[in-house]
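# Architecture at a glance
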Amino acid sequence: MKQEATLADKMGSKQTEYLFNRIKEIAKVGYAFGHQDATAYGMGWKNDGSMKRSDVHDVTGEYPAVYGFELGHIELGHSINLDTVNFELMQSLIQRAHRAKGIITLSWHPDNPVSKKSAWDTTPAVPEILKGGSLHEKYKEWLFNLANFMNGLKDDSGNDIPVVFRPFHEMNGNWFWWGNGHCSPEEYINLWRETFDILTKEYNVHNILYAYSPNTLEKTEDYLKYYPGDLYVDILGIDIYQHSNSEEFINALKKDISLLQKVASDKNKPYALSEAGLNEIPIANWWTKVLDPYIAKSGISWALFWRNAWPNHYYVPYIGQVSASDFILFKNLPHVLFLNDVKKIR
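Throughout what follows, the structure given in this document is the object of discussion.

The rules we used
- Residues numbered from 1 in each chain as written.
- Predicted model: local features only at pLDDT ≥ 70, side-chain atom pairs only at ≥ 80, totals over all residues.
- Heavy atoms only, no water.
- Helix = DSSP H or I, 4+ residues; strand = E, 2+ residues; numbered from the N terminus.
- Buried < 20%, exposed > 50% of the residue type's maximum accessible area, 1.4 Å probe, protein only.
- Lys, Arg positive; Asp, Glu negative; His and termini not counted.
- Salt bridge = Lys/Arg side-chain N within 4 Å of Asp/Glu carboxyl O.
- Contact = heavy atoms within 4.5 Å.
- Polar contact = N/O pair within 3.5 Å; in protein donor to acceptor, adjacent residues only side chain to side chain.
- Phe/Tyr/Trp six-rings, centres within 6.5 Å; stacked < 30°, edge-to-face > 60°.
- Lys NZ or Arg CZ within 6 Å of the ring centre and 35° of its normal.
- Pairing = 2+ DSSP bridges.
- 1 Å grid on protein atoms, 1.4 Å probe; cavity = no way out; pocket = protein on both sides within 12 Å on 5 of 7 lines; lining within 4 Å.
- Points joined across faces, edges and corners; volume = space filled by probe spheres on them.
- Nonpolar A, V, L, I, M, F, W, Y, C, P; charged D, E, K, R; others polar.

With that settled, the discussion passes to the side chain of K331. You can see K331 is positioned in helix α9 (residues 324-331). One buried charged side chain, K331, makes no salt bridge at all; its nearest oppositely charged neighbour is E62, positioned 5.4 Å away. When near neighbours in sequence (up to four residues on either side) are disregarded, K331 contacts T60, E62, V336 and F338.

Written as structure tokens, this is what we have:
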């Protein structure tokens, strides 16, 4: 008999444990639909703090079940993130989503601590921020800023708002400074473990579920190549985008989610399609014919689609977009869960 799954953070709040159990329950019903920055901005609009808009809601009349937000530049003490979302507004949007029984997942693209350029600058940096490295104290200051944001997430009663935190993702790719070729698997594992220990033991952050999410796999063994261990991870994820034809994307979904399913079963952890999408969604029936048949009944708890940033960079339809009608059909599938559906899951 498998051991009952418990939180990686043994001091995790009761609200965080409740979220963990909800996430497991969702997978028994279907999978939740998520969108990055869903209520922060969209095609031709930006939230100024007064509106409750979402491109998803514009098209379907429903809100996502999962809300993704980005913490990049919180480490620098900035007031806005790298996508120009004000952190105070983000906190308010997180509170609103939580109040509505939505689920919040947070990504983090920290600047390169050595070059002081973006997360996509691949100057080697991980050894410098590990314990004993020349920039370790600087990294602890970064985590202090992140911890202050996390510990400031409170509901109307002053209780923790629990979140899924997905740091240092897509590490098997080579486009981030923590990625393949820029640090060793051992250094990556140490970075994850030290980050976890500093947040939980030194900065008393106890409202986090930790999600590990490689990118599409070249080789199946790459999934666990950088894995920091069961004691440091709550949720398993994978990021799979369609970059070329649908056949390649479908094959990647089938292959990688099948592997994810097996690893998660072995480790008794919930799992998710932590990032996904097709830029500009030019295929009219992409949602119901290309995507859903290959993730339905896969056991994932959610699928998060990337942000609607510009006219040539968006991953969810807006009114009049070619896949909008199909997206409504997708929303109405009984196993695809939007906000009103997950509200019922306790």
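There's more to say after this.
A separate point is the environment of Q242. Tracing the backbone shows Q242 in the loop between β8 (235-241) and α7 (246-267). When neighbours within four sequence positions are excluded, Q242 is seen to be in contact with F249, G277, L278, I283, W286 and V290. A polar contact is formed between the side chain of Q242 and the backbone oxygen of S244, at a distance of 3.2 Å. A polar atom in the side chain of Q242 sits 3.2 Å from the side chain of S246.

Moving on: the side chain of S13. On the secondary structure map, S13 appears in the segment before α1 (14-29). Take S13: its relative accessible area is 10%, and that puts it in the buried class. Within the local environment of S13, its side chain forms a polar contact with the side chain of T16, the two groups lying 2.7 Å apart. Every residue in contact with S13, bar those within four places of it in the chain, is listed here: L7, D160, H206 and N207.

This model, assessed by the stated rule, comprises 34 aromatic pairs. Ring geometry for F33 versus F327: centroids 5.4 Å apart, planes at 65°, classification edge-to-face. You can see F33 sitting in strand β1 (residues 31-36) and its partner F327 sitting in helix α9, a full 294 residues away along the chain. Across the pair, F327 and F33 agree in class, each one buried. What links up through ring pairs into an aromatic cluster is the set W108, W120, F165, F168, F176, W177, W178, F196, Y210 and Y232. The ring centre of W310 lies 5.1 Å from the NZ or CZ of R307, which sits over that ring.

Burial runs high along β1: six of the six residues are buried. In this sheet, strand β11 (residues 336-337) lies alongside β1 in parallel orientation, the contact comprising two bridges. Looking at β11, one finds that Y31 is bridged to V336. The sheet contact formed by β1 and strand β10 (residues 302-305) spans four bridges and is parallel. The residue of β10 that forms the bridge with F33 is A303.

So, on to the layout of surface pockets. A water-sized probe, rolled over the atoms, reveals where empty space remains. The calculated volume of the largest pocket comes to roughly 370 Å³. Lining the largest pocket are 17 residues, and of these H109, W120, Y241, E275 and W306 sit closest to its centre. Its residues assigned to classes, the lining of the largest pocket comprises seven nonpolar, five polar and five charged.

If you check the backbone angles, D37 has positive phi at about 55° while not being a glycine. Within the fold, D37 resides in the loop between β1 and β2 (41-42). Here I281, not a glycine, exhibits a phi torsion of approximately 40°, which is positive. Counting through the fold element by element, I281 comes out in the loop between β9 (271-277) and α8 (286-291).

Looking at the element boundaries, N251 is found in helix α7. Residue N251 is classed as partly exposed on the basis of its relative accessible area, which comes to 38%. Sequence separation between N251 and L106 is 145 residues, and the spatial gap between their C-alpha atoms is 28 Å.

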